[in-house]
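# Descriptive structure summary
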Protein chains: 2
Amino acid sequence: MINKLKIALIQLALPDLPAGIEREIRLAADGGARLVLLQELHDGPYFCQTEATVQFDRAEPVPGPASERLGRLAAELGIVIVGSLFERRAAGLYHNTAVVLDSDGRLAGRYRKMHVPDDPGFQEKFYFTPGDLGFRPVETAVGRLGVLVCWDQWFPEAARLMALAGADLLLYPTAIGWDDADDAAEQARQLEAWTTVQRGHAIANGLPLLACNRCGFEPAPSGTSGGIRFWGHSFACGPQGELLARAGEAPQTLLVDVDLARSERVRRIWPFLRDRRIDAYGDLLKRFLD
Amino acid sequence: MINKLKIALIQLALPDLPAGIEREIRLAADGGARLVLLQELHDGPYFCQTEATVQFDRAEPVPGPASERLGRLAAELGIVIVGSLFERRAAGLYHNTAVVLDSDGRLAGRYRKMHVPDDPGFQEKFYFTPGDLGFRPVETAVGRLGVLVCWDQWFPEAARLMALAGADLLLYPTAIGWDDADDAAEQARQLEAWTTVQRGHAIANGLPLLACNRCGFEPAPSGTSGGIRFWGHSFACGPQGELLARAGEAPQTLLVDVDLARSERVRRIWPFLRDRRIDAYGDLLKRFLD
């Protein structure tokens with residue numbers, strides 16, 4: 001396994017999508033990145049603010065043109081790329097799918113978003129069938145990547161399952177933002193909660209974690225709501241949850257060096273995997289204990 | 001259910017144990033606290049730095065003199081008290097047990113520490129049989145208390161199971177500190193990780209969380225190690241992980257107002273319990289997925 005890994009998080013806003021993606025990937029590779037993480041639905045707008053069947057036209061098979069473009073770029077640059085696509089699996093069956101292109105350009109694997117949100121402005125249950133591939137890391141030239149997507153980031157179960165399956169890193173393409181109708185204190189709590197819960201997953205599992213979030217304001221197509229101000233703040237933390245790098249609200253490519261060997265050192269002093277009470281966790285498979 | 005609840009966290013150091021406990025509980029009740037949370041093994045020193053059979057003499061049955069003292073105080077003051085005792089269940093069978101005394105003095109319930117650590121200076125696997133009561137909140141006059149103990153705080157499973165069982169609050173008596181041999185950066189990471197992972201549980205479960213930690217330096221009885229500098233920093237956070245109050249390293253009784261009604265408002269915007277993929281969590285019951 002590689003010990004020191006330079007990773008790029010490419011945080012972009014409309015109208016620089018998808019044009020900015022290839023440009024920033026090339027710059028990141030020039031800067032030494034061997035792994036690039038893109039934001040959720042990186043090829044265009046966040047189209048889930050309203051429910052409209054025409055949006056299904058955006059979906060593509062995987063493999064398909066979008067994943068193949070990323071694969072060609074990965075092979076040319078000799079890097080691993082984690083992107084996020086709207087996958088058309090069959091007529092009327094679509095997923096929010098992360099794709100992992102290995103450094104030889106091959107589609108090394110995919111992850112279909114398991115936890116799908118649905119709240120005002122994020123109508124994802126209309127568009128995305130919940131994933132059916134489970135929580136399996138993808139083996140690549142730079143390690144076993146535990147790729148999850150956005151809403152998954154609130155679920156400790158998802159991170160834990162990736163860790164138990166041997167992930168070396170936890171990676172989250174995301175698209176989360178503020179409702180301008182919320183006051184500044186609520187907005188600050190939301191951003192801090194989003195960062196904190198993910199740092200918590202890093203700590204609980206003794207793994208580095210990287211989240212790449214969309215930024216910029218996107219109006220609601222219908223004008224029926226106030227739109228979403230994607231808050232950026234992509235970040236990387238180490239296996240003690242310690243922040244290694246963090247973006248602001250503006251478009252930015254964040255380059256960060258991650259020491260993968262540190263995970264084992266941390267797990268030796270905090271051996272949580274040793275002490276899990278698997279004999280007493282059965283009720284985690286229930287909805288609620290009424 | 002009570003909406004606004006004033007809670008006291010009593011963070012003390014030797015030699016003010018156990019004398020300070022009753023004094024500070026009375027002061028907290030005078031200050032309006034209706035729930036008091038004590039630190040782990042609140043009646044005396046943290047005796048687990050070395051393995052010595054004579055230390056088992058400290059253990060008492062539950063109910064027993066120590067729990068009854070707390071019960072009389074709870075009844076007199078009309079408050080709920082959560083303490084932490086060394087329970088003697090039978091000869092050669094001991095637990096690290098949290099006790100919950102209701103405002104009428106009755107032993108409302110107990111929690112036997114499920115995750116038991118063992119590392120240099122924290123020889124708990126020698127002293128404490130892992131709990132066999134599972135993760136069940138205790139019903140009291142101030143709500144359903146999800147009481148966990150120290151090492152449990154690193155395990156998202158424990159907090160989740162308490163939430164699924166209907167806990168209104170997550171409460172952790174703890175005893176954690178620094179090794180003076182670690183450098184300042186490592187010590188800062190450890191304290192921050194400890195706080196962050198617990199704030200993460202609050203967020204993931206939409207519940208307030210309070211942790212009461214020991215403070216002060218306690219030398220190792222044998223002189224074979226450097227002792228433990230218990231780091232204090234007891235804190236309370238709300239259901240978005242937002243810090244409500246936080247102590248420093250010194251002895252302190254922290255009084256904090258918690259709005260229990262806020263949990264439901266937060267869970268309506270972040271309905272994680274709705275979206276858990278219980279169909280896909282089976283591997284959480286495994287040690288590792290080799």
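Keep in mind it's a predicted model, so treat the numbers as computed, not measured.

Rules used in this analysis
- Residues numbered from 1 in each chain as written.
- Chains lettered and ligands numbered in written order.
- Predicted model: local features only at pLDDT ≥ 70, side-chain atom pairs only at ≥ 80, totals over all residues.
- Heavy atoms only, no water.
- Axes fitted to C-alpha atoms, helices over the stretch in contact; angles between N-to-C directions.
- Helix = DSSP H or I, 4+ residues; strand = E, 2+ residues; numbered from the N terminus.
- Parallel < 35°, antiparallel > 145°, perpendicular 65-115°, else oblique.
- Left-handed = near helix turned anticlockwise from the far one by under 90°.
- Contact = heavy atoms within 4.5 Å.
- Nonpolar A, V, L, I, M, F, W, Y, C, P; charged D, E, K, R; others polar.
- Buried < 20%, exposed > 50% of the residue type's maximum accessible area, 1.4 Å probe, protein only.
- Least-squares fit on C-alpha atoms with pLDDT ≥ 70 in both.
- Phe/Tyr/Trp six-rings, centres within 6.5 Å; stacked < 30°, edge-to-face > 60°.
- Lys NZ or Arg CZ within 6 Å of the ring centre and 35° of its normal.
- Buried area = accessible area lost by both parts, 1.4 Å probe.
- Salt bridge = Lys/Arg side-chain N within 4 Å of Asp/Glu carboxyl O.
- Polar contact = N/O pair within 3.5 Å; in protein donor to acceptor, adjacent residues only side chain to side chain.
- Lys, Arg positive; Asp, Glu negative; His and termini not counted.
- Pairing = 2+ DSSP bridges.
- UniProt positions renumbered as here; feature names shortened; annotations may be inferred.

Residues and elements named next belong to chain B. Packing of helix α1 (residues 19-30) against helix α2 (residues 65-77) brings their axes to within 11 Å, and their N-to-C directions diverge by 20°. Regarding the angle of α1 to α2, the classification is roughly parallel. The interaxial crossing formed by α1 with α2 has right-handed handedness. Contacts between α1 and α2 pair Glu22, Ile25, Arg26 and Ala29 from the former with Leu70, Leu73, Glu76 and Leu77 from the latter. Looking at side-chain class alone, the contact of α1 with α2 contains 5 nonpolar, no polar and 3 charged residues.

A separate point is the environment of Met162(B). Residue and element names in this part refer to chain B. Here Met162 lies in helix α4 (residues 156-164). Classification of Met162 by relative accessible area gives buried; the value is 0%. When the C-alpha positions of Met162 and Gln55 are compared, they lie 31 Å apart, and in sequence the two are 107 residues distant. Aside from chain neighbours lying at most four places away, what touches Met162 is Tyr111, Phe135, Arg136, Pro137, Gly146, Val147, Leu148, Ala167 and Leu170.

Turning our attention to the relation of the copies chain A and chain B. You can overlay chain A on chain B at an RMSD of 0.0 Å; the transform is a turn of 180° with a shift of 0.0 Å along its axis. The two molecules are tied by a two-fold rotation axis, judged by turn and shift. Among all residues of chain A, the one whose C-alpha sits closest to the rotation axis is Gly200(A), at a distance of 2.6 Å. A symmetric contact is evident, with 100% of the interface residues of chain A recurring at the interface of chain B.

To continue, consider the packing of aromatic side chains. For the structure shown, the criterion picks out 49 aromatic pairs over all chains. Summarising the aromatic geometry, the rings of Trp151(B) and Phe155(B) are spaced 6.2 Å apart at their centres and angled 65° between planes, so their arrangement reads as edge-to-face. No difference in accessibility class separates Trp151(B) from Phe155(B), as the two residues are buried. Through successive ring pairs, a cluster of aromatic residues spans Phe47(A), Phe56(A), Phe86(A), Tyr94(A), Phe126(A), Tyr127(A) and Phe128(A). The ring of Phe230(A) has Arg214(A) sitting right over it, with the charged end atom 5.6 Å from the ring centre.

This paragraph deals with the packing of α4(B) against helix α5 (residues 184-205) of chain B. Packed helices, taken two at a time, are described by the angle between their axes plus the distance between the axes. Residues and elements named next belong to chain B. For the pair α4 and α5, the least separation of the axes is 10 Å and the interaxial angle reads 35°. Relative to α5, α4 is oriented so that their crossing is right-handed. Residues Pro156, Ala159, Arg160 and Ala163 of α4 form the contact with α5, whose participating residues are His201, Ala204 and Asn205.

Before going further, it helps to spend a moment on the interface of chain A and chain B. One frequent convention defines the size of an interface as the accessible area lost when the parts assemble. Each partner contributes residues to the interface: chain A has 55 residues there, and chain B has 55 residues. At the boundary of chain A with chain B, total buried surface from both sides reaches about 5400 Å², with 62% on carbon and sulfur atoms. Measuring nitrogen to oxygen at the nearest pair gives 2.7 Å for the salt bridge that ties Glu157(A) to Arg160(B). Put simply, chain A and chain B have 30 residue pairs in polar contact (both at pLDDT 80 or more) between them. Among the elements that make up the side of chain A that touches chain B, the one with the highest residue count is helix α5 (residues 184-205) of chain A (11 residues). Here the residues of the side of chain A that touches chain B are counted per class, giving 29 nonpolar, 8 polar and 18 charged.

Attention now goes to the side chain of Asp152(A). All names here are of chain A. Relative to the helices and strands, Asp152 is located in the loop between β7 (143-147) and α4 (156-164). No salt bridge is formed by the buried Asp152, whose closest oppositely charged neighbour, Lys113, lies at an N-O distance of 6.7 Å. Those residues in contact with Asp152, other than ones at most four positions away along the chain, are Tyr111, Lys113, Met114, His115, Ala158 and Tyr172.

Here we come to the sheet that holds strand β1 (residues 4-11) of chain B. All names here are of chain B. One open sheet holds the 6 strands; their spatial order is β5-β4-β3-β2-β1-β15, and the pairing between them is mixed. Each edge of the sheet is formed by a strand with only one pairing partner; in this case those strands are β5 (107-112) and β15 (252-259). Direction aside, neighbouring strands of the sheet carry axes that sit 30° apart on average. As paired strands, strand β4 (residues 93-101) and β5 are joined by 5 bridges and run antiparallel to one another. For Leu101, the partnering residue across the bridge sits in β5 and is Leu107. Relative to the sheet, α2 contacts β2 (35-38), β3 (80-90) and β4, its axis offset from that of β3 by approximately 160°.

What follows covers the UniProt feature "domain: CN hydrolase" (unreviewed entry) in chain A. Mapped onto this numbering, the UniProt entry gives "domain: CN hydrolase" (unreviewed entry) at residues 5-260 of chain A. Strand forms 32% of residues 5-260 of chain A and helix 23%; the C-alpha atoms that close the span are 7 Å apart.

Take the sheet that holds strand β6 (residues 138-140) of chain A next. All names here are of chain A. On the basis of which strands lie adjacent, the open sheet formed by 6 strands has the order β6-β7-β8-β10-β13-β14 and mixed pairing. Looking at which strands have only one partner, the edges of the open sheet turn out to be β6 and β14 (243-246). Neighbour-to-neighbour, the strand axes of this sheet turn through a mean angle of 20°, independent of strand direction. Bridge count for strand β8 (residues 169-174) against strand β10 (residues 209-213) is 5 bridges, and the pairing is parallel. Across the sheet, Pro173 pairs through a bridge with Cys212, a residue of β10.

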